[in-house]
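An overview of the molecular structure
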2 protein chains.
Amino acid sequence: MKLYDVAVSGNCYKVRLLAALADIPLELAPVDMRAGEHKHPEFLQRNPWGEVPVLQDGDMTLRDSQAILVYLAAKHGRSEWWPADPAAQAKIVGWLSVAANELQHGPATARRADRFGIALDKTEPLRRAGRILALLEAHLAGCDWLVGSRPTLAECAVMPYVALAPEGGIDLAPYPSVLAWIDRIRALPGFVPMPGIPA
Amino acid sequence: MKLYDVAVSGNCYKVRLLAALADIPLELAPVDMRAGEHKHPEFLQRNPWGEVPVLQDGDMTLRDSQAILVYLAAKHGRSEWWPADPAAQAKIVGWLSVAANELQHGPATARRADRFGIALDKTEPLRRAGRILALLEAHLAGCDWLVGSRPTLAECAVMPYVALAPEGGIDLAPYPSVLAWIDRIRALPGFVPMPGIPA
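These numbers were taken from a predicted model, which means no experiment stands behind them.

So, about the overall build of chain A. Counting secondary structure elements, chain A contains eight helices and four strands. Mapped from its N terminus to its C terminus, chain A presents α and β elements in the order β-α-β-α-β-β-α-α-α-α-α-α. Since a compact globule built from 199 residues should have a radius of gyration of about 16 Å, the 16 Å found for chain A is in line with a globular shape. Its C-alpha atoms put chain A at 45 × 40 × 30 Å along the principal axes. In chain A, which comprises 199 residues, the share counted as buried stands at 58%. Between the averaged position of the 20 positive side-chain charges in chain A and that of its 22 negative side-chain charges there is a distance of 2 Å.

What follows is about the relation of the copies chain B and chain A. Its rotation angle being 180°, the transformation that places chain B on chain A also includes 0.0 Å of axial translation and leaves an RMSD of 0.0 Å. Accordingly, the operation relating the two chain copies is best matched by a two-fold axis. By C-alpha distance to the rotation axis, the residue of chain B lying nearest is N101 of chain B, at 2.4 Å. With an isologous cut-off of 70% or more, the 100% of interface residues of chain B that recur at the interface of chain A puts this contact in the isologous class.

Further remarks concern the packing of aromatic side chains. Under the definition given, this model contains five aromatic pairs over all chains. Ring geometry for W82 of chain A against W82 of chain B: centres 6.5 Å apart, planes inclined by 80°, an arrangement best described as edge-to-face. Placement of W82 of chain A in the loop between α3 (65-75) and α4 (86-103) and of W82 of chain B in the loop between α3 (65-75) and α4 (86-103) is noted, with the two residues assigned to different chains. Look at W82 of chain A and you get buried, because its relative accessible area is 5%. The cationic tip of R150 of chain A hangs over the ring face of W81 of chain A; the distance from NZ or CZ to the ring centre is 4.9 Å. Geometry around W145 of chain B places R184 of chain B over its ring, the cationic atom sitting 5.8 Å from the centre.

Quick look at the side chain of E155 of chain B now. All names here are of chain B. Tracing the chain through its elements places E155 in helix α7 (residues 153-163). Comment: no salt bridge for buried E155; closest opposite-charge side chain is R184, at 7.3 Å. There is a polar contact of 3.0 Å between the side chain of E155 and the side chain of W181. Excluding anything up to four places from it in sequence, E155 contacts W145, L146, R150, P160, W181 and I185.

One way to see where empty space is left: roll a probe the size of a water molecule over the atoms. In this structure the tally under the stated criterion is one cavity of 30 Å³ or more. Approximately 30 Å³ is the volume attributed to the largest cavity. If you trace the largest cavity, you find it lined by V93, L96, S97 and A100 of chain A together with V93, L96 and S97 of chain B. Taken together, the elements giving at least two residues each to the lining of the largest cavity come down to α4 of chain A together with α4 of chain B. Tallied by class, the residues present in the lining of the largest cavity amount to five nonpolar, two polar and no charged.

Further remarks concern the interface of chain B and chain A. Interface size is commonly expressed as the accessible surface area that is lost when the partners come together. Contacts between the two partners involve 35 residues from chain B, matched on the other side by 35 residues from chain A. Overall, the association of chain B and chain A removes approximately 2700 Å² of surface from exposure, summing both partners, and the carbon and sulfur fraction of that is 66%. The partner of R131 of chain A in a salt bridge is E51 of chain B, with the nearest N and O atoms 3.1 Å apart. The interface formed by chain B and chain A includes 14 residue pairs in polar contact (both at pLDDT 80 or more).

All names here are of chain A. Domain annotation for chain A reports domain 1 (2-75) and domain 2 (86-186). A per-residue breakdown of the area domain 1 buries against domain 2 is headed by V8, K14 and Q66, which together make up 40% of the total. Run the count over domain 1 and domain 2 and you get four residue pairs in polar contact (both at pLDDT 80 or more). Of all the elements in the fold, those that place two or more residues in the side of domain 1 that touches domain 2 are α1 (10-21) and α3. Top element by residues in the side of domain 1 that touches domain 2 is α1. It accounts for seven residues.

Before going further, it helps to spend a moment on unusual backbone geometry. Among all residues except glycine, the phi angle is most often negative; among peptide bonds, the trans geometry is most common. Residue V52 of chain A is joined to P53 of chain A through a cis peptide bond whose omega torsion reads 0°. Relative to the assigned elements, P53 of chain A resides in the loop between α2 (41-46) and β3 (54-57). Non-glycine residue D23 of chain B carries a positive phi angle of around 55°.

Here we come to the nonpolar core. Counting 128 residues, the largest nonpolar core has M159 and W181 of chain A together with M159 and W181 of chain B as the members making the most contacts within it. When residues no more than four places from it in sequence are discounted, the contact partners of M159 of chain B are Y13, L17, A154, W181, I182, I185, F191 and I197 of chain B.

Right, let's talk about the packing of α4 of chain B against helix α6 (residues 123-140) of chain B for a bit. Residue and element names in this part refer to chain B. Taken N-terminus to C-terminus, the directions of α4 and α6 make an angle of 155°; their axes are 11 Å apart at the nearest point. What the angle tells us is that α4 and α6 run roughly antiparallel. The way α4 lies across α6 gives a crossing that is left-handed. Where α4 abuts α6, its residues W95, V98, E102 and L103 lie against R131, I132, L136 and H139. Classifying every residue of the contact of α4 with α6 by side-chain character gives five nonpolar, one polar and two charged.

Calculation rules
Along each chain, numbering runs from 1 in the same order as the chain's sequence is written. Naming scheme: in the order in which they are written, chains are lettered from A and ligands are numbered from 1. Residue-level local features of this predicted model are given only where pLDDT is at least 70; pairs of side-chain atoms are given and counted only at 80 or more, and the full residue set underlies all totals for whole chains, interfaces and linings. The side-chain numbers reported here are obtained from all heavy atoms of the structure, hydrogens and water having been left aside. To qualify as a helix, a DSSP run of H or I must reach at least 4 residues; to qualify as a strand, a run of E must reach at least 2; elements of each kind are numbered from the N terminus. C-alpha atoms define the radius of gyration, and 2.2 Å times the number of residues to the power 0.38 defines the globule rule. Throughout, exposure labels follow a simple rule: accessible area from a 1.4 Å probe, protein chains only, divided by the maximum for the residue type, with under 20% read as buried, over 50% as exposed, and the rest as partly exposed. In this charge count, Lys and Arg are treated as positive and Asp and Glu as negative; neither His nor the chain ends contribute. Each charge is placed at NZ for Lys, CZ for Arg, CG for Asp and CD for Glu. Copies overlap after least-squares fitting; the atoms used are the C-alpha atoms of residues with pLDDT of at least 70 in both. Contacts are residue-level and defined by heavy atoms, with any inter-residue pair within 4.5 Å sufficient. Classification of ring pairs uses Phe, Tyr and Trp, with its six-membered ring standing for Trp, and accepts pairs whose centres are within 6.5 Å; under 30 degrees between planes counts as stacked, over 60 as edge-to-face, and the remaining range as tilted. Lysine and arginine charges are scored as sitting over a ring when NZ or CZ, respectively, is within 6 Å of the ring centre and within 35 degrees of the ring normal. Just to be clear on terms, a salt bridge is a Lys or Arg side-chain nitrogen sitting within 4 Å of an Asp or Glu carboxyl oxygen. Throughout this description, a polar contact denotes any pair of N or O atoms lying within 3.5 Å of each other; where both atoms belong to protein, one of them has to be capable of donating a hydrogen while the other can accept it, and for residues adjacent in sequence the pair is counted only when both atoms sit in side chains. A 1.4 Å probe that fits but cannot get out identifies a cavity on a 1 Å grid over protein atoms alone, an open set with protein on both sides within 12 Å along at least five of seven lines counts as a pocket, and a residue lines either if it has an atom within 4 Å of a point. Grid points are joined across faces, edges and corners, and a volume is the space filled by probe spheres set on the points. The classification used treats Ala, Val, Leu, Ile, Met, Phe, Trp, Tyr, Cys and Pro as nonpolar, Asp, Glu, Lys and Arg as charged, and all other residues, Gly among them, as polar. Accessible surface is computed with a 1.4 Å probe, and the buried area is the amount of it that two parts give up when combined, taken over both parts together. All domain edges in this entry derive from an automatic or database-based domain assignment. Buried residues of nine kinds, namely Ala, Val, Leu, Ile, Met, Phe, Trp, Tyr and Cys, make up a nonpolar core once their side-chain atoms join them within 4.5 Å. Here the axes come from fitting lines to C-alpha atoms, over the contacting stretch only for helices, and the angles between their N-to-C directions go from 0 to 180 degrees. Small angles under 35 degrees read as roughly parallel and large ones over 145 as roughly antiparallel, with 65 to 115 read as roughly perpendicular and the rest as oblique. Should the near helix be turned anticlockwise from the far one by less than a right angle, the crossing is termed left-handed; should it be turned clockwise, right-handed.

Dropping the structure here:
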């Protein structure tokens, strides 16, 4: 399986993180985003959204980081990361929604402005970031992991743009349970870092 | 199972639509959003996000419309709506991300402004709506259903805020394949309407 990948993308890192933690082999195909490779016709044929990551598995092309997480875990039978139990699966999907909604339009957008110099108004992204970080802090004050008693796909989907929030000018100090949770993930066997999330 | 529900909410309608199409029994508990019931302490204990829908199944409380769709289909063994096949499941999750990301922050936000009089700048929501509707049109020009050869959870997650887009001032006429797809869903046995999406 080949992952079209950008090293500084939190969405690509979600996938690299799962592959590392769940011991799933993955070939990386770097995409030169600075050169606009993700908007070239060849790439748009692969993913009309013009976004990374994209997974290629034989004939099958898959867009969206959350979708790729589910595919890798399901295809490789990593049921500890993506359980068959309806309640666990649904609760994980709830966190995949948080990754696609509140985190993408909160801390990830604030980071796009500061880290990549995209001209945008940070007011709403910062408000959204404060709201979701407070909700996450309250949730993690009562448990070690987002769903159940061990890490799941929810950790891979949610952690990256939370841990990268300081690159968008967001201080994580008011969220000690969130910081402790990030450290728990960083201590997992097989953990891989990315720029902004050290080992 | 009890669904905390608001009749004019597209997110709640996703769940009512699946329940109707897949013949899943569901008790509705109306939430008085105008009276701010979703922000009352009792409701916030159920869902700290302060949002509908919320599903209550015995001891289990579940937030997020996408999560509830997965739970209902998985719990009731509706594998035609939520297949076990990794590729199908992952592609559906890709559309659940579209529902949580592009549609929520596109047409659903434009509708909040026009339909409910929420003061917000529609510029970005309208731009996002145009982009995702064009992508959806291109996708549906080549197939009857979002994933595979029959309707799945993807239809329940994606259709509502697309069909409600005109309530946000968005004309769907430039998207004939999208309109035909909405009509295919409206023609399914068991289909239920909502205000803005007639039978």
